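What follows is each chain in one-letter form.
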Amino acid sequence: MIIVDKNRETDILIVAEGTYPYVKGGVSSWIHSLITGLTEFNFGVIFLGSRKEDYGDIKYKLPENLTYLSANFIFSDKEKPPPRILNSDSEKMEKVKELHKWFRRSGEKELPETWKSQKFYIKEVTEEEFLYSREAWNFIADSYFELAGDVPFIDYFWTVRNIHDPVWRVASIMENIPEAKIIHSPSTGYAGFLSAMAKSEKKLPFILTEHGIYTRERKIDIVNADWISDRGFFFQKEVGEIDHLKKMWISFFRGIGAFCYDSADVIISLFEDARKLQIALGAPEEKTEVIPNGVKVKNFLKARKARPQNPPPVIGLIGRVVPIKDIKTFIKAMRIVVNKMPEAQGWVVGPTDEDPDYYEECLKLVNALNLENSIKFLGFQDLKNIFPRIGLTTLTSISEGMPLVVLESFAAGVPCVTTNVGSCKQLIYGGLNSEDLKIGKAGEVCHVANPGELADAYVELLNNKILWKKYQKSGIERVERFYDYQMFLNNYRKLYRSFIHGRHSV
């Protein structure tokens, strides 16, 4: 569905999976910053979502230089061809079997040219043949008896269908993408798959920027997922062994990740440890580079000046209420904090509608721990109004990339306490270079899922004004010297120009 088409040439086409412009914060903010900051380029955005009903209205005022926007829902039954029984060709299904095998092996070898081509999915083996043909049924049944006899067939059948069908959907979206000079994906996954296919099909330069490591984050999601049946049968080899169906999902995303790394011209990470992890996962080292995020420091100066003399006894967790943010650990930490500081408050600032079941579980935990008067869920808020009213910003996540909220907190003069994930340690303790290290700590970094350690850090900082001031000073200096928005924009401006003007020809 095309939302915007200004019939102007697109310079950079961004493929946004589950983010801009339908979800606020995180990667969406990053995309919006790029588009609004680099007004000399025309941008297009292809949004890939699950189902239309999973999203509300567009959450951003669309910039003038956003010349193209389409919304595509790759898990929607409404977009599928109507069911009917049909015959295909056993030779065609052999190719699907080989593709399935390639994904099962997590992309150990480069994806063969046949499957890089949109033609395979549109003309050789259509989505309709994959979904409804007798040969497809036989392929799934044969694979089941060969590989997964210890799980119910019905679960295996739907898992194979649900994993592979979006690949056909993405291929059909590829058919209608606008002409552009560069394609830029903020993740591997389906967005990266479409971008890699565009690189192969249209010879477009492909820039990949990974905010987190997509394959690792999906693995965390899948291992903890309730929507995939986890059958721990008595003959399962070891306690804790991952169910076969979950392994299929994980292998699939690893395979897509390998295809993206092979195809991308430049592979960007936000910090050095992430770059090393990309290389360990198969990214060619010579393609990798680091471009840190940046924030508009001047936008937070008013919030910094509005701060009271003493830090309020309020700890603000700023993030979406979803399992990967581990809100439950924050709630448990707050129980310990309130035992020592009854006046302390915990504010969860971020949308609660992305995973309603998880939000409900968090509310129940607040109730079970008698924290109804100490923890508030405030939904999405203007952070410039929140920062002067909190004493600390915290993240209790089990995975992060380079969280902008840490940099925004520093700009507003608020120290941070986070878990040791993504670039948090580098942001809080310094690590870009020796000058950064000399600035000193701007907060504390704790182990993942450790409420006691987090609570101790909160209490110590809120009660030690000298230490709090020292951390505040370090945070302000670090963000102003190393993470300013203009530095971030200039890095991408140079990169885009290098492709458009030919330094990186493909």
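To be clear, the structure that these remarks concern was listed above.
Attention in this report is confined to the structure presented alongside it.

About the thresholds
Residues numbered from 1 in each chain as written. Predicted model: local features only at pLDDT ≥ 70, side-chain atom pairs only at ≥ 80, totals over all residues. Heavy atoms only, no water. Helix = DSSP H or I, 4+ residues; strand = E, 2+ residues; numbered from the N terminus. Rg over C-alpha atoms; globule rule 2.2 N^0.38 Å. Buried < 20%, exposed > 50% of the residue type's maximum accessible area, 1.4 Å probe, protein only. Contact = heavy atoms within 4.5 Å. Pairing = 2+ DSSP bridges. Axes fitted to C-alpha atoms, helices over the stretch in contact; angles between N-to-C directions. Phe/Tyr/Trp six-rings, centres within 6.5 Å; stacked < 30°, edge-to-face > 60°. Polar contact = N/O pair within 3.5 Å; in protein donor to acceptor, adjacent residues only side chain to side chain.

Scanning the chain from N- to C-terminus turns up 21 helices and 14 strands. In terms of C-alpha radius of gyration, the chain reaches 24 Å, essentially the compact-globule figure of 23 Å for 506 residues. In terms of overall dimensions, the chain has C-alpha extents of about 75 × 60 × 40 Å along its principal axes. Among the 506 residues that make up the chain, the fraction classed as buried is 57%. The contacts in the chain between residues at least 6 apart in sequence include a share of 75% that link residues at least 24 apart.

Outside of glycine, negative phi angles account for most residues, and trans bonds account for most peptide bonds. Between Y20 and the following residue, P21, the backbone shows a cis peptide bond with an omega angle of 0 degrees. Within the secondary structure, P21 is located in the loop between β2 (10-17) and α1 (26-37). Positive phi outside glycine occurs at A449, with the angle close to 55 degrees. For A449, the location among the structural elements is in the loop between β14 (443-446) and α19 (451-463). Residue class for A449 comes out partly exposed when judged on its relative accessible area of 48%.

Pairing in this open sheet of 8 strands is mixed, and the strands run β1-β4-β3-β2-β5-β6-β7-β8 from one edge to the other. The sheet is open, and its two edges are formed by β1 (2-5) and β8 (288-290), each paired on a single side. Adjacent strand axes in the sheet meet at a mean angle of 20 degrees when their direction is disregarded. Two elements, β2 and strand β5 (residues 180-185), share 4 bridges in a ladder whose sense is parallel. Counted as the bridge partner of I12 is I182 from β5. Most of the contacts of helix α10 (residues 244-263) go to strand β6 (residues 206-210), to which it runs at about 130 degrees, and overall it touches β6 and β7 (266-269).

Here β14 shows a buried face lined by G443 and V445 and a second buried face lined by E444 and C446. With 4 bridges connecting them, strand β13 (residues 416-419) and β14 associate as parallel partners. When the bridges of β14 are listed, T419 appears paired with C446.

Right, let's talk about the packing of aromatic side chains for a bit. Summed over all chains, the structure comprises 33 aromatic pairs. When the centroid spacing of 6.1 Å and the interplanar angle of 70 degrees are considered together, the rings of F43 and Y496 count as edge-to-face. Taken together, the positions of F43 in strand β3 (residues 43-49) and Y496 in helix α21 (residues 485-500) put the pair 453 residues apart, joining distant regions of the chain. Judged by centre distance (6.2 Å) and plane angle (35 degrees), the rings of Y485 and F488 are tilted. Taken as a pair, Y485 and F488 lie in helix α21 at a separation of 3 residues, close to a single helical turn.

Positionally, H164 belongs in helix α7 (residues 153-174). Along the chain, H164 and V96 lie 68 residues apart, while their C-alpha atoms are 9.6 Å from each other. Among the polar contacts listed, one links the side chain of H164 to the backbone oxygen of V160, at a separation of 2.9 Å.

Once that is clear, we can look at the side chain of D436. For D436, the position within the fold is in helix α18 (residues 434-439). Overall, D436 belongs to the buried group, its relative accessible area being 0%. Sequence-distant contacts of D436, defined by excluding residues within four places in its chain, comprise Q426, G430, G431, R478 and F482.

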